[in-house]
Amino acid sequence: MKYISTRGSAPALDFEGVTLAGLASDGGLYVPEHWPRFSESEIAGMAGLSYVELAVRVMTPFVEGSLTQEELRELCTRAYGRFSHDAVTPLVQLDQQQWLLELFHGPTLAFKDVALQLLGRLFEHFLAKSDDHLTIVGATSGDTGSAAIDAVAGRERIDIFMLHPKGRVSDVQRRQMTTVRAPNVHNLAIEGSFDDAQAMVKRMFNDADMAASHGGRFRISAVNSINWARLMAQVVYYFAAALQLGAPGRKVAFSVPTGNFGDVFAGYVAAQMGLPIERLIVATNVNDILHRALTTGDYSAGTVTPTAAPSMDIQVSSNFERLLFDLGGRDGAAMAEQMRGFESSKAMQLTNSQREGAAGLFSSARVDQAEMAQAMSWAAECCGQTLDPHTAIGLYAARTAGLDPATPVVTLATAHPAKFRDAVERATGSRPALPNRMGDLFERSESFSELPGEYEAVAEFVSKHATPSS
Ligand SMILES: *Cc1c(COP(=O)(O)O)cnc(C)c1O
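Analysis parameters
- Residue numbers here run from 1 along each chain, matching the order of that chain's written sequence.
- In view of the model being predicted, local features appear only for residues whose pLDDT reaches at least 70, and side-chain atom pairs are presented and counted only at 80 or more, with totals across whole chains, interfaces and linings using the full set of residues.
- Each side-chain value is derived from all of the structure's non-hydrogen atoms; neither hydrogens nor water enter the calculation.
- One bridge is not enough; two strands pair if DSSP finds at least two bridges between them.
- Strands are runs of DSSP state E lasting at least two residues, helices are runs of H or I lasting at least four, and both sets are numbered from the N terminus onward.
- Under this scheme, a helix contributes an axis fitted over its contacting stretch, all axes are lines through C-alpha atoms, and angles between N-to-C directions fall in the 0 to 180 degree range.
- We call a residue near a molecule or strand when any one of its heavy atoms sits within 4 Å of it.
- Under the rule applied, a polar contact is a pair of N or O atoms within 3.5 Å (in protein, one hydrogen donor and one hydrogen acceptor; residues adjacent in sequence only if both atoms are side-chain atoms).
- Polar here means any residue other than Ala, Val, Leu, Ile, Met, Phe, Trp, Tyr, Cys and Pro, which are nonpolar, and Asp, Glu, Lys and Arg, which are charged; Gly is therefore polar.
- To sort the angles, those under 35 degrees are grouped as roughly parallel, those over 145 as roughly antiparallel, those from 65 to 115 as roughly perpendicular, and the leftovers as oblique.
- The handedness criterion is simple: a crossing whose near helix is rotated anticlockwise from the far helix by less than a right angle is left-handed, and one whose near helix is rotated clockwise is right-handed.
- Pairs of residues are marked as contacts when any of their non-hydrogen atoms sit within 4.5 Å.
- The disulfide definition used here is simple: a pair of cysteine sulfur atoms within 2.5 Å.
- Relative accessibility under 20% of the residue-type maximum defines a buried residue, over 50% an exposed one, and the middle range a partly exposed one, all with a 1.4 Å probe and only protein chains included.
- By convention, a crossover is right-handed whenever its connection, traced from the first strand over the helix to the second and viewed with the strands pointing away, goes clockwise.
- Salt bridges are counted wherever a side-chain nitrogen of Lys or Arg sits within 4 Å of a carboxyl oxygen of Asp or Glu.
- By nonpolar core we mean a set of buried residues, namely Ala, Val, Leu, Ile, Met, Phe, Trp, Tyr and Cys, connected to one another through side-chain atoms within 4.5 Å.
- Ring geometry is summarised as follows: Phe, Tyr and Trp rings, the Trp one being its six-membered ring, pair when their centres sit within 6.5 Å, and such pairs are stacked at plane angles under 30 degrees, edge-to-face over 60 and tilted between the two.
- Charges are assigned to positions over rings by a cutoff of 6 Å between ring centre and Lys NZ or Arg CZ, combined with an angular limit of 35 degrees from the ring normal.
- UniProt positions are given in the numbering used here, feature names are shortened, and annotations may be inferred rather than shown by experiment.

Quick notes on the sheet that holds strand β10 (residues 252–257)
Okay, so step 1: Judged by pairing direction, the sheet is mixed, and its 6 strands sit side by side in the order β4-β5-β15-β10-β11-β14 without closing on themselves. Two strands close off the open sheet at either side, each with one partner strand: β4 (91–93) and β14 (362–366). Averaged over all pairs of adjacent strands, the angle between strand axes in this sheet comes to 25 degrees, irrespective of strand direction.
Okay, so step 2: Summarising the sheet, β10 and strand β11 (residues 277–284) pair through 6 bridges and their orientation is parallel.

Structure (structure tokens):
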């Protein structure tokens, strides 16, 4: 499989190339040159497979030329062996129509583990082949950082530098990052906001001097959802859920708590591959740029309002570009121009073909704090389920979407409630307990470096501690 950039001018790369690169060199995002498509009988033949075998079937077309099926199976077996539930992503029934797909049984209690446990092993596999070394630099508002650190801790060919805004992540999130003791893990608590940390990371990706002035060359890559391999791994659980609910004979809808548009874009990919999806509901909190874009065509960024669902407190959704590119006839030059306009004015209008294309599969909802709390109470009363704030937003959107009662609706449960226990306690009055396997999180000692919110200080720290590439 070859991958092309949404902005049309970066070279096409194979799967290994896009995994190690992260972002395309023209500033665009990589997408497969075409969508692989399964026939109805091929999809029917996937019913009853184990999660690992299903993952191999769904992902094989995307990795062709870079991994054999045996290698892919081996990597998936190890990645999903880290999950605490045999089904990896179990499906739970709430009532006649509503279901939850629990994506939080990985090591750090959020759905990011599903993709990052595999991505860490993909990095290691490809680096061993080329005898090279990789430096991962990322900024996190919580969930990506802990999942990425768990996935690469102790791996010899990788250094990871994870920036978090000092004092602005939850105590569980911070401890999940800072209590991992491995020589290749570097936690940096940065003065300032998440956006400040993210801006430093972006600058570092373009800083040729950083390496030169410290006498080495670094191969830098990304672990956020601009990396195609993450989205690919997430396509699998859409198949897993739909097959259990009767696909390909029956259509299923999904409600997805959305921030950077990565998780819900994976649902779009599943639909392109032939999975019969009735509807994808994009659930946002009050940071509703995607809801406005999908309902009015106006994609314009405001300022971020902090909420109880911090992983959705986003104003610019990187992966939306992948959808607009695909719906706009895959015209890289036009996409590059549309994004240049957005980058200069922080606003753009969707074209008619983008709006109409999106309307065929997506709907959206904006869910505020009171509605989120209402969904939490409903799940507790009807079914004894405790939801995290992100999942509650998805469920509220699912229950108010007005779908045919015969269509099952699956809400993606993106985090374990204990990961956001302060917010859950505020909304429901009861405090969820950490799962047993996390029991000693608050006894372990923490290690992180505190740095001022200055780019130079961060660049110097990374240069000093990273291993140059060969
Ligand atoms: C990352 C995250 C989201 C948002 O996912 P996107 O792929 O960025 O849309 C939602 N919920 C939780 C708990 C998350 O960690």
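Focus: the site of the ligand
Okay, so step 1: In the vicinity of the ligand, 14 residues are found, and the nearest of them are Lys112, Asp143, Gly259, Asn260 and Asp263.
Okay, so step 2: Taking Gly259, its main chain carries an N or O atom lying 2.8 Å from an oxygen atom of the ligand.
Okay, so step 3: In terms of residue class, the shell around the ligand is built from 4 nonpolar, 7 polar and 3 charged.

Overview of the packing of helix α13 (residues 320–327) against helix α14 (residues 332–345)
Okay, so step 1: Taken N-terminus to C-terminus, the directions of α13 and α14 make an angle of 140 degrees; their axes are 10 Å apart at the nearest point. Taken as axis vectors, α13 and α14 run oblique relative to one another. Regarding α13 and α14, the two cross each other, and that crossing is right-handed. Residue-level inspection shows Glu321, Leu324 and Phe325 of α13 in contact with α14, the latter providing Gly332, Met335 and Met339.

Considerations on the state of the cysteines
Okay, so step 1: Taken as a whole, this structure holds 1 disulfide when the rule is applied.
Okay, so step 2: Covalent S-S linkage joins Cys382 and Cys383, the inter-sulfur distance amounting to 1.8 Å. Residues Cys382 and Cys383 are joined through a disulfide that is left-handed, its torsion about the S-S bond being -40 degrees.
Okay, so step 3: Residue class for Cys382 comes out partly exposed when judged on its relative accessible area of 37%.

Considering the pairing of β10
Okay, so step 1: Within β10, 6 of the 6 residues are buried, leaving the element largely enclosed by the surrounding structure.
Okay, so step 2: With burial as the criterion, each face of β10 is covered, one bearing Val252, Phe254 and Val256 and the other bearing Ala253, Ser255 and Pro257.
Okay, so step 3: Read as a crossover between parallel neighbours, the route from β10 over helix α11 (residues 262–272) to β11 is right-handed.
Okay, so step 4: When β10 meets strand β15 (residues 409–413), the two strands line up parallel, connected through 3 bridges. Looking across to β15, one finds that Phe254 is bridged to Val410.

Considering the environment of Val256
Okay, so step 1: Of note, Val256 is situated in strand β10.
Okay, so step 2: Non-local contacts of Val256, meaning those with residues more than four positions away in its chain, are made with Tyr238, Asp263, Val264, Ile281, Val282, Ala283 and Leu412.

Topic: the pattern of salt bridges
Okay, so step 1: Within this structure, the stated rule accounts for 23 salt bridges.
Okay, so step 2: A salt bridge links Asp326 to Arg330, with the shortest nitrogen-to-oxygen separation between them at 2.6 Å.
Okay, so step 3: Between Glu425 and Arg431 there is a salt bridge; the shortest N-O distance is 2.7 Å.
Okay, so step 4: You can call Glu425 partly exposed: its relative accessible area is 32%.
Okay, so step 5: Here Arg431 falls in the partly exposed class, since its relative accessible area comes to 39%.
Okay, so step 6: One salt-bridge network, held together by shared partners, links Arg7, Glu321 and Glu343.

Some details on the nonpolar core
Okay, so step 1: With 110 residues, the main nonpolar core has Phe15, Tyr80, Trp228, Phe239, Phe254 and Phe362 as its most contacted residues.
Okay, so step 2: For this core, the element with the most residues is helix α10 (residues 228–244), which contributes 14 residues.
Okay, so step 3: Formed by 27 residues, the second largest nonpolar core is a distinct cluster that contains Val92, Ala253, Trp378 and Ala397.

Considerations on unusual backbone geometry
Negative phi is the rule for most residues except glycine; trans is the rule for most peptide bonds.
Okay, so step 1: Geometrically, the link from Ala247 to Pro248 is a cis peptide bond, its omega value of 5 degrees lying close to zero.
Okay, so step 2: Structurally, Pro248 is set in the loop between α10 and β10.
Okay, so step 3: Even without being a glycine, Arg330 presents a positive backbone phi close to 55 degrees.
Okay, so step 4: Positive phi, close to 60 degrees, is recorded for Lys346, a residue that is not glycine.
Okay, so step 5: Inspection of the secondary structure puts Lys346 in the loop between α14 and β13 (347–349).

Here's the deal with the packing of aromatic side chains
Okay, so step 1: According to the stated counting rule, one finds 19 aromatic pairs in the structure shown.
Okay, so step 2: When the ring of Phe15 is compared with that of Phe126, the centres are 6.1 Å apart and the planes differ by 70 degrees; the resulting orientation is edge-to-face. Taken together, the residues span a long stretch of sequence, with Phe15 in helix α1 (residues 15–21) and Phe126 in helix α5 (residues 112–130) at a distance of 111 residues.
Okay, so step 3: Here Phe126 falls in the buried class, since its relative accessible area comes to 0%.
Okay, so step 4: Positioned over the ring face of Trp378 is Arg399, at 3.6 Å from the centre of the ring.

Some details on the environment of Pro257
Okay, so step 1: Note on placement: Pro257 falls in strand β10.
Okay, so step 2: When the C-alpha atoms of Pro257 and Arg82 are compared, they prove to be 24 Å apart, with 175 residues separating the residues in sequence.
Okay, so step 3: Sequence-distant contacts of Pro257, defined by excluding residues within four places in its chain, comprise Ala283, Met312, His390, Thr391, Gly394, Leu412 and Thr414.

A word on the UniProt feature "modified residue: N6-(pyridoxal phosphate)lysine" (unreviewed entry) in the chain
Okay, so step 1: UniProt records the feature "modified residue: N6-(pyridoxal phosphate)lysine" (unreviewed entry) for Lys112 in the present numbering.
Okay, so step 2: Among the secondary structure elements, Lys112 is positioned in helix α5.

Here we look at the environment of Ser84
Okay, so step 1: Following the sequence through the fold, Ser84 ends up in the loop between α4 (69–80) and β4.
Okay, so step 2: A residue is classified by how much of its surface remains accessible, and Ser84, at 44% relative accessible area, is partly exposed.
Okay, so step 3: Sequence separation of Ser84 and Ser25 is 59 residues, and the distance between their C-alpha atoms is 38 Å.
Okay, so step 4: Excluding its chain neighbours within four sequence positions, the residues that come into contact with Ser84 are His105 and Arg437.

Regarding the sheet that holds strand β3 (residues 30–32)
Okay, so step 1: Strand order across the open sheet formed by 3 strands is β2-β1-β3, with antiparallel pairing between neighbours. Unpaired on one side and paired on the other, β2 (13–14) and β3 mark the two borders of the sheet.
Okay, so step 2: Note that strand β1 (residues 2–5) and β2 share 2 bridges and pair antiparallel. In the strand pairing of β2, Tyr3 is matched with Leu13.

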